[in-house]
Amino acid sequence: DTGVSQNPRHKITKRGQNVTFRCDPISEHNRLYWYRQTLGQGPEFLTYFQNEAQLEKSRLLSDRFSAERPKGSFSTLEIQRTEQGDSAMYLCASSLFLRGGPSSYNEQFFGPGTRLTVL
Amino acid sequence: AQRVTQPEKLLSVFKGAPVELKCNYSYSGSPELFWYVQYSRQRLQLLLRHISRESIKGFTADLNKGETSFHLKKPFAQEEDSAMYYCALGPPPGRRALTFGSGTRLQVQP
């Protein structure tokens, strides 16, 4: 499978614990996005990277959340001191941005998501 | 602020009936609109985008700037069209995020 992969697929944790998720984008994609999706809602943007640079963070990304993409390939999303409100599906997506391309948007390919349950 | 509204959480039709999934948006600039689909146990995937003006799997969507709408239509629904459909608003200059609606579940009954 050459698509976006995410690990783990499911994570159950107790309130107050730290969790870390991993995303492996499509290999040639230079942009990587994290979204969060709660029940009955569409995905909500958290943050995105172009290569290793984190270029934008949503207000949803509190100081308990941190994301990295150290070598411009895979990315990790860490949540410290988890709360029950953090329970959600965490989606990763990647895209190939070509400067000077015909559109400011490049198709985002989504991974299967990591479902987090905080007890 | 950007916003995408999908007023129907569930749309149930019979096979062969026409389908229209509604999407309204609010955005002050020139929007880029998309429809994403998620079939059961599959990942979210792009169905179509307004700039392509294409028909995918028999679905079309026309951007109506006057009504700020981007409704998804198909003249004859098939059972395999049953899925969650999300309308999304593309990133304005300087931002790269998509803004998604809350989604509509389409059920096509035999």
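Above this note sits the structure.
First, a word on what this report is: a plain description of the structure on this page. (Residues numbered from 1 in each chain as written. Chains lettered and ligands numbered in written order. Predicted model: local features only at pLDDT ≥ 70, side-chain atom pairs only at ≥ 80, totals over all residues. Heavy atoms only, no water.)

Brief notes about the overall build of chain B
Counted only if it meets this: Starting at the N terminus, helices and strands are each numbered in turn, a helix being any DSSP run of H or I of at least four residues and a strand any DSSP run of E of at least two. The reference for a compact globule is 2.2 Å times residues^0.38; the radius of gyration itself is calculated from the C-alpha atoms. Using a 1.4 Å probe on the protein chains alone, a residue whose accessible area is under 20% of its type maximum counts as buried, one over 50% counts as exposed, and one in between counts as partly exposed. The contact definition used throughout considers only heavy atoms, calling two residues in contact when any of these lie within 4.5 Å. Charged-residue counts in this description rest on Lys and Arg as positive and Asp and Glu as negative, His and the chain ends being excluded. To locate a charge, take NZ of a lysine, CZ of an arginine, CG of an aspartate or CD of a glutamate.
Helices and strands together make up the secondary structure of chain B, namely zero helices and 11 strands. The globule rule puts the C-alpha radius of gyration for 110 residues at 13 Å, and the 14 Å found for chain B is close to it. Across its three principal directions, the C-alpha atoms of chain B cover 45 × 30 × 25 Å. Within the span of chain B, comprising 110 residues, buried residues form 48% of the whole. In chain B, the share of contacts with a sequence separation of at least 24, taken over all contacts with a separation of at least 6, comes to 58%. Computing the positive centroid from 15 side-chain charges and the negative centroid from 9, chain B places the two 7 Å apart.

So, the interface of chain B and chain A
Heads up, the rule is: Each of two parts loses accessible area, computed with a 1.4 Å probe, when they are put together; buried area is these two losses added. Put simply, a salt bridge is a Lys or Arg side-chain nitrogen that is within 4 Å of an Asp or Glu carboxyl oxygen. Residues are grouped as follows: nonpolar covers Ala, Val, Leu, Ile, Met, Phe, Trp, Tyr, Cys and Pro; charged covers Asp, Glu, Lys and Arg; every other residue, Gly included, is treated as polar.
With 19 residues of chain B in contact, the opposing surface of chain A contributes 22 residues. Both sides together, the interface formed by chain B and chain A hides about 1800 Å², and carbon and sulfur atoms give 49% of it. By the criterion of area lost to chain A, the three top residues of chain B are B:Arg43, B:Leu44 and B:Arg96, representing 37% of everything that side buries. Two residues, B:Arg49 and A:Glu107, come together in a salt bridge whose shortest N-O distance is 3.6 Å. Going through the elements one at a time, strand E5 (33-38) and strand E6 (45-49) of chain B are the ones with two or more residues in the side of chain B that touches chain A. Among the residues forming the side of chain B that touches chain A, the class breakdown is 10 nonpolar, three polar and six charged.

Regarding the sheet that holds strand E1 (residues 5-7) of chain A
Residue and element names in this part refer to chain A. Quick note on the threshold: If DSSP finds at least two bridges between two strands, the strands pair. Orientation is described by axes fitted as lines to C-alpha atoms, over the contacting stretch for helices, and by angles from 0 to 180 degrees between their N-to-C directions.
What the four strands build is an open sheet, ordered E1-E3-E8-E7; its pairing is antiparallel. Edge positions in the open sheet fall to E1 and strand E7 (65-68), since each of these has one partner strand only. Each strand of the sheet is rotated relative to its neighbour by a mean of 15 degrees, with strand direction disregarded. The pairing of E1 with strand E3 (residues 19-24) spans three bridges and is classified as antiparallel.

Re the pairing of strand E11 (residues 104-109) of chain B
Residue and element names in this part refer to chain B. Residues Thr104, Leu106 and Val108 of E11 are buried on one face, while the alternating residues Arg105, Gln107 and Gln109, pointing to the opposite face, are not. Here five bridges tie strand E2 (residues 10-14) to E11, and the two strands are oriented parallel to one another. What sits directly across from Leu10, in E11, is Arg105. Note: strand E9 (residues 83-89) against E11, three bridges, orientation antiparallel. What sits directly across from Met84, in E11, is Arg105.

What to know about the packing of aromatic side chains
Residue and element names in this part refer to chain B. Stated precisely, the cut-off is as follows: Paired rings are identified among Phe, Tyr and Trp, the last through its six-membered ring, by centres lying within 6.5 Å, and are further divided according to the angle between planes into stacked (under 30 degrees), edge-to-face (over 60) and tilted (the rest).
Enumeration according to the criterion identifies 11 aromatic pairs over all chains in this entry. Ring geometry for Tyr86 against Phe100: centres 6.4 Å apart, planes inclined by 90 degrees, an arrangement best described as edge-to-face. One end of the pair, Tyr86, is in strand E9; the other, Phe100, is in strand E10 (residues 99-100), with 14 residues separating them in the sequence. For Tyr86, a relative accessible area of 4% gives the class buried. Its relative accessible area of 8% is what places Phe100 among the buried residues.

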